[in-house]
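Listed here are the chains, written in short residue letters.
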Amino acid sequence: MANAIRALAMDAVEAANSGHPGMPMGMADVATVLFDRFLTFDPDAPRWPDRDRLVLSAGHGSMLLYAALHLAGYARPTMDDIRRFRQLHSPCAGHPEATELEGVETTTGPLGQGLATAVGMAIAERHLNACFGDALVDHRTYVIAGDGCLMEGVSHEAIGLAGHLGLGRLILLFDDNGISIDGPTSLATSEDHSARFAAAGWHVEACDGHDTADIARAISAALADPRPSLVRCRTIIGFGAPTRAGSEKTHGSPLGAAEVAGARARLGWTAPPFEVPEAIRADWRATAGRGREARRAWEARLAAHPEAAEFRRRIEGRLPDLDLAIAPASVASRKASEMVLGKANAQLPETIGGSADLTGSNNTRSAGLPVLDRKDYGGRYIHYGIREFGMACAMNGMALHGGIIPYGGTFLVFSDYCRPALRLAALQQLGVIHVMTHDSIGLGEDGPTHQPVEHLMALRAIPGLAVYRPADAVETAECWELALRDRNRPSVLALSRQTLPSLRAAGGPNRSAEGGYRLVAAGAARRVVFVATGSEVALARDAAALLERDGIGCDVVSLPSWTHFLARPAAERKALLPADVLRVSVEAGVTLGWERIVGADGLMIGLDRFGASAPAEMLFRHFGFTPEAIALQVRNRLAR
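About the cut-offs
- The numbering scheme is per chain: residues are counted from 1 as the chain's sequence reads.
- Residue-level local features of this predicted model are given only where pLDDT is at least 70; pairs of side-chain atoms are given and counted only at 80 or more, and the full residue set underlies all totals for whole chains, interfaces and linings.
- Calculation of side-chain values draws on the structure's entire complement of heavy atoms; hydrogens and water are dropped beforehand.
- Think of a nonpolar core as a cluster: buried Ala, Val, Leu, Ile, Met, Phe, Trp, Tyr and Cys residues, connected wherever their side-chain atoms sit within 4.5 Å.
- Relative accessibility decides the category of a residue: with a 1.4 Å probe and only protein chains considered, values under 20% of the type maximum give buried, values over 50% give exposed, and everything between is partly exposed.
- Each helix is a run of DSSP H or I of at least 4 residues and each strand a run of E of at least 2, with the numbering of both proceeding from the N terminus.
- Orientation is described by lines fitted to C-alpha atoms, with helices fitted over the stretch in contact, and by angles between N-to-C directions that extend from 0 to 180 degrees.
- Orientation categories follow fixed angle ranges, with anything under 35 degrees roughly parallel, anything over 145 roughly antiparallel, 65 to 115 roughly perpendicular, and all other angles oblique.
- Less than a right angle of anticlockwise turn of the near helix away from the far helix marks a crossing as left-handed, whereas a clockwise turn marks it as right-handed.
- Note on definitions: a residue-residue contact is assigned when non-hydrogen atoms from the two residues lie within 4.5 Å.
- Here the nonpolar group is Ala, Val, Leu, Ile, Met, Phe, Trp, Tyr, Cys and Pro; Asp, Glu, Lys and Arg are the charged ones; every other residue, Gly included, is treated as polar.
- Here, a salt bridge means any side-chain nitrogen of Lys or Arg that lies within 4 Å of a carboxyl oxygen of Asp or Glu.
- At least two DSSP bridges between two strands are required for those strands to pair.
- Here the positive residues are Lys and Arg and the negative ones are Asp and Glu; neither His nor the chain ends is included.
- Polar contacts here mean pairs of N or O atoms no more than 3.5 Å apart (in protein, one a potential hydrogen donor and the other a potential acceptor; neighbouring residues in sequence count only if both atoms are side-chain atoms).
- Stacked, tilted and edge-to-face pairs are distinguished by plane angle, under 30 degrees for stacked and over 60 for edge-to-face with tilted covering the rest, among Phe, Tyr and Trp rings (Trp via its six-membered ring) whose centres lie within 6.5 Å.
- Here a cavity denotes grid points, spaced 1 Å and computed from the protein atoms alone, that fit a 1.4 Å probe unable to get out, and a pocket denotes an open set having protein on both sides within 12 Å along at least 5 of 7 lines; residues with an atom within 4 Å of a point are the lining.
- Grid points are joined across faces, edges and corners, and a volume is the space filled by probe spheres set on the points.
- Helix span is expected to be 1.5 Å times the residue number reduced by one.

As a further point, take the nonpolar core. Of all hydrophobic cores here, the largest spans 68 residues; its most connected members are Ile123, Leu167, Leu170, Leu172, Met398 and Leu459. For this core, the element with the most residues is helix H5 (residues 113-132), which contributes ten residues. Ala2, Ile144, Ile219 and Ala271 belong to the second largest nonpolar core, which has 59 residues in total.

Bringing the packing of H5 against helix H16 (residues 388-401) into the picture now. Contact geometry for H5 and H16: axes closest at 6 Å, N-to-C directions at 55°. Relative to H16, the element H5 lies oblique. In the packing of H5 onto H16, the handedness of the crossing is right-handed. Across the interface between the two elements, Gln113, Ala116, Thr117, Gly120, Met121, Ile123, Ala124, Glu125 and Leu128 of H5 pack against Phe389, Cys393, Ala394, Asn396, Gly397, Met398, Leu400 and His401 of H16. Among the residues making up the contact of H5 with H16, the classes are represented as ten nonpolar, six polar and one charged.

In this section: the pattern of salt bridges. Using the criterion set out here, one finds 38 salt bridges in the structure. Salt-bridge contacts for Arg313 lead to Glu350; the nearest nitrogen and oxygen are separated by 2.8 Å. One end of the pair, Arg313, is in helix H13 (residues 308-316); the other, Glu350, is in the loop between helix H14 (333-347) and strand E9 (351-355), with 37 residues separating them in the sequence. An identical accessibility class is assigned to Arg313 and Glu350; each is buried. Salt-bridge contacts for Arg469 lead to Glu536; the nearest nitrogen and oxygen are separated by 2.5 Å. Residue Arg469 is found in the loop between strand E13 (466-468) and helix H19 (473-485), and its partner Glu536 is found in helix H20 (residues 536-549); the two are separated by 67 residues along the sequence. Note on Glu536: relative accessible area 0%, which makes it buried. Connected through shared salt-bridge partners, Asp42, Asp44, Arg292, Arg295 and Glu299 make up one network.

With that settled, the discussion passes to the packing of helix H1 (residues 2-16) against helix H10 (residues 257-267). It is at 11 Å that the axes of H1 and H10 come closest, and there the two elements cross at 170°. Compared by their axis directions, H1 and H10 come out roughly antiparallel. Between H1 and H10, the residues in contact are Asn3, Arg6, Ala7, Met10, Asp11 and Glu14 and Ala257, Val260, Ala263, Arg264 and Leu267, respectively.

Take the sheet that holds strand E16 (residues 517-520) next. The strand order E16-E18-E17-E19-E20 describes an open sheet built from five strands, whose pairing is mixed. At either margin of the open sheet sits one strand with a lone partner, and together these are E16 and strand E20 (603-605). Strand-to-strand twist in this sheet, taken as the mean axis angle between neighbours without regard to direction, amounts to 30°. Where strand E19 (residues 582-586) and E20 come together, three bridges link them in parallel fashion. Pairing of Val586 across the sheet is with Ile605, part of E20.

Moving on: the side chain of Arg53. The residue Arg53 is located in strand E1 (residues 53-56) in this model. The side chain of Arg53 sits in the buried core without any salt bridge; Glu105 is the nearest counter-charge, 4.3 Å away. Of note is the side chain of Arg53, whose polar atom sits 2.7 Å from the backbone oxygen of Pro49.

What follows deals with the environment of Ala612. Mapped onto the elements, Ala612 comes out in the loop between E20 and helix H24 (616-622). Discounting residues that sit within four places of it in the chain, Ala612 has contacts with Gly444, Gly447, Pro448, Gln451, Leu619 and Phe623.

Another aspect to go through is the packing of aromatic side chains. This structure, assessed with the given rule, holds 13 aromatic pairs. Through pairs of rings, three or more aromatic residues link up here, namely Phe35, Phe41, Tyr74 and Trp284.

Taken as a whole and assessed by the stated rule, the structure comprises five cavities of 30 Å³ or more. Taken as a whole, the largest cavity holds about 120 Å³ of empty space. Lining the largest cavity are 15 residues; nearest its centre among them are Phe41, Asp52, Tyr74, Gly103 and Glu105. Looking at side-chain class alone, the lining of the largest cavity contains nine nonpolar, one polar and five charged residues.

To continue, consider unusual backbone geometry. Cis geometry is found at the peptide bond from Arg76 to Pro77, where omega equals 5°. By the secondary structure assignment, Pro77 is in the loop between helix H3 (62-72) and helix H4 (79-83).

A few words now on H14. Here H14 contains 15 residues, and its C-alpha end-to-end distance of 21 Å stays within 8% of the 21 Å for a straight helix at 1.5 Å per residue. Within H14, burial applies to Ser333, Arg334, Ala336, Ser337, Val340, Leu341, Ala344 and Asn345.

For the rest of this paragraph, the subject is the layout of surface pockets. Here the largest pocket defines a volume of roughly 600 Å³. Only H13 and H16 provide two or more residues apiece to the lining of the largest pocket. When the residues that make up the lining of the largest pocket are grouped by side-chain class, the tally is nine nonpolar, nine polar and eight charged.

On to the environment of Thr351. Here Thr351 is to be found in strand E9. Along the primary structure Thr351 and Ile404 are separated by 53 residues, whereas in three dimensions their C-alpha atoms are 5.8 Å apart. Excluding residues within four positions of it along the chain, Thr351 makes contact with Asn345, Arg380, Ile405 and Tyr407. Within the local environment of Thr351, its side chain forms a polar contact with the side chain of Arg380, the two groups lying 2.5 Å apart.

Looking now at the sheet that holds strand E3 (residues 170-176). Strand pairing within a sheet occurs via backbone hydrogen bonds; the two strands may be parallel or antiparallel. Taken together, the five strands give an open sheet; going across it, the order is E1-E2-E3-E7-E6, and neighbouring strands pair in parallel fashion. The open sheet has two edge strands with one neighbour each: E1 and strand E6 (203-208). The mean angle between the axes of side-by-side strands here comes to 20°, regardless of whether they run parallel or antiparallel. As paired elements, E1 and strand E2 (residues 141-146) share four bridges and run parallel to each other. When the bridges of E2 are listed, Leu56 appears paired with Ile144.

Below is the structure:
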């Protein structure tokens with residue numbers, strides 16, 4: 001059974017002339033034992049909620065997973081899919097993509113993120129178990145990771161969080177082959193992984209990764225221990241290759257015809273390329289029997305469960321009717337967000353919030369929201385500690401698991417730490433929500449190290465990520481509603497530290513859903529259209545009022561979401577921002593990108609440098625973000 005994985009991995013990589021055969025060949029025995037004796041799954045119902053999760057964190061070894069899924073009886077990938085490994089429109093992408101195959105639990109490839117995402121899946125399992133009991137939620141999360149995953153810094157965040165929360169249903173199978181791309185891992189690291197995991201509160205086992213009995217013993221021991229478990233599987237990369245086994249030469253390139261022929265002979269594999277003997281196929285298909293029976297029993301329990309309807313609603317991501325409206329108030333948008341969360345968390349029991357050690361600054365914990373920890377997995381607020389990357393990955397894992405809407409907080413400037421996970425959230429179309437406060441020089445005295453300047457544009461550059469920057473409390477509530485209802489797209493809410501004036505009355509349609517809308521219409525003949533975001537909308541409004549006194553008519557457009565605005569038909573956008581007037585953007589960040597909104601001939605008022613340390617009011621004056629300074633720039637441009 002293991003050699004079937006090895007053969008398909010060699011065949012697919014040779015056909016593509018691209019790929020990573022070494023890891024699938026080395027971990028084939030471990031994967032086979034896992035599928036055959038432990039993993040609870042059903043290819044007939046690949047998204048069955050109480051299945052075990054298997055995350056291939058070492059995503060470069062994707063053929064390990066593709067081969068196992070095919071052999072175990074999943075509808076996809078087919079053998080034709082595997083023949084087209086790494087080719088356009090094949091679901092067998094170079095690295096596993098959750099949107100391509102139902103048996104792929106998460107998109108992996110960037111090392112370490114799979115492990116950190118699996119921590120979120122394990123959190124979700126324990127939380128939903130606390131909500132609905134063993135009858136509906138009682139499964140494991142397995143991870144296959146390599147040396148690269150454990151070298152990445154996010155692994156430290158992930159194993160620390162998992163150990164602290166006591167996630168005993170998380171089992172990490174470590175492909176301990178001692179090889180990376182450059183050669184032996186001893187070139188770059190000498191860490192004692194066993195000691196490292198033990199120090200983080202994990203149970204540690206070791207086994208011979210090519211001895212099926214020893215593999216089974218180690219996994220059984222992991223299952224019996226209440227702590228999260230590391231199973232060190234000592235393997236030989238490229239196992240079976242006659243001259244390259246155990247070396248970096250098998251890691252990331254085809255073995256070549258001669259080496260493949262030698263490996264087949266050494267492994268005793270006589271079937272032609274892309275063919276598996278029927279007896280071996282039958283053994284593989286039998287691995288699903290245990291899970292198929294478990295799934296049927298689970299469906300019977302669900303049908304009789306008093307909370308079946310609520311469980312289905314959460315798993316399916318269906319939201320009830322929401323009332324998130326708050327009274328207009330002059331408050332910081334982070335405070336307005338807290339007010340909205342008070343209503344959202346009361347109406348949506350599936351939300352799990354948190355912060356990377358900035359709860360009091362991000363305002364992410366609404367009144368009465370209980371903490372989720374190892375003493376109470378039914379809690380709904382996680383203290384992630386200073387682990388922004390780990391938090392973002394765990395949020396992805398919770399969203400992938402299903403039944404939970406995760407949101408988490410940090411400062412906008414620290415979105416740099418979250419960015420890799422934000423990118424994978426967008427790639428996987430996950431409805432996670434990031435509350436990122438202290439969104440400009442308006443945070444004041446903490447200075448340029450903490451003042452985001454380029455970050456809004458950097459986030460807007462990620463395809464499929466909705467970035468919101470509301471201008472007042474009403475817009476904040478509207479943006480929260482959009483983020484919560486968008487279950488197939490990640491969102492960032494960029495919120496202010498400083499107080500913002502109230503600009504809109506409550507009630508009426510959600511104007512933020514338009515992306516941009518006319519907040520103020522020109523009184524005099526229109527010559528200028530201001531377009532601004534966040535705290536600068538009020539400045540644009542006041543600058544427009546100064547210009548109106550001189551007979552210069554000005555519209556003011558609030559643009560809380562570029563994503564929604566740019567999705568509107570071109571005619572609607574042109575009507576709001578006509579070409580026959582001076583279009584002026586105002587945002588306390590880099591001007592790069594604003595030409596997309598105001599045109600190359602527009603006036604872009606921004607901050608193309610780092611900030612400084614001073615009170616917010618002084619900084620806004622110093623950098624020209626006052627109504628008077630803005631109006632002067634407009635007058636000068638009109639006078640040209």
